[in-house]
Amino acid sequence: VHVPGRTALFVDGDVNALGVFDIDLGPEGEIDVFVRGNLLSIGAGSYGDRSRAAATRIYVGGTGDVTLVGASGFVGNVYAPRARVTLDYEVASSL
């Protein structure tokens, strides 16, 4: 997903991303992802920009585990007040 400017993505259900899933922020890009259900992301993928961690924001409404596992990286903010968040990335994360 290429994000050239301010963007909001609303998901009415769960997100299950298996394999390659990238959120690529352009120089002015910011993204807010609102997930009504649960979030599972396993595989090669990247979320956010190391120099602008606050530009990627994910809000999860479900009560199941939020799982972000992969080799590339997650840089951003996750808000999941009713869920347990598990991150297993090789790069720094900001919660």
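These remarks concern the structure in this document. These numbers were taken from a predicted model, which means no experiment stands behind them.

A few words now on the pattern of salt bridges. Inspection of every chain in the model, using the stated rule, returns 6 salt bridges. A salt bridge links Arg57 to Glu30; the nearest nitrogen and oxygen atoms lie 3.0 Å apart. Of this pair, Arg57 sits in strand β8 (residues 56–60) while Glu30 is found in strand β5 (residues 30–35), placing the two residues 27 residues apart along the sequence. Judged by relative accessible area, Arg57 falls into the buried class, the value being 15%. Put simply, Asp65 and Arg84 hold a salt bridge, and the shortest N to O gap is 2.6 Å. Here Arg84 lies in the loop between β11 (77–79) and β12 (85–88) and Asp65 lies in the loop between β8 and β9 (66–69), a separation of 19 residues in the sequence. One network of salt bridges, in which partners are shared, links Arg6, Glu30, Asp32 and Arg57.

Where strand β2 (residues 6–11) and β5 come together, 6 bridges link them in parallel fashion. Across the sheet, Val11 pairs through a bridge with Val35, a residue of β5. Bridge count for β5 against β8 is 5 bridges, and the pairing is parallel. For Val33, the partnering residue across the bridge sits in β8 and is Ile58.

About the thresholds
Residues numbered from 1 in each chain as written. Predicted model: local features only at pLDDT ≥ 70, side-chain atom pairs only at ≥ 80, totals over all residues. Heavy atoms only, no water. Salt bridge = Lys/Arg side-chain N within 4 Å of Asp/Glu carboxyl O. Helix = DSSP H or I, 4+ residues; strand = E, 2+ residues; numbered from the N terminus. Buried < 20%, exposed > 50% of the residue type's maximum accessible area, 1.4 Å probe, protein only. Pairing = 2+ DSSP bridges.

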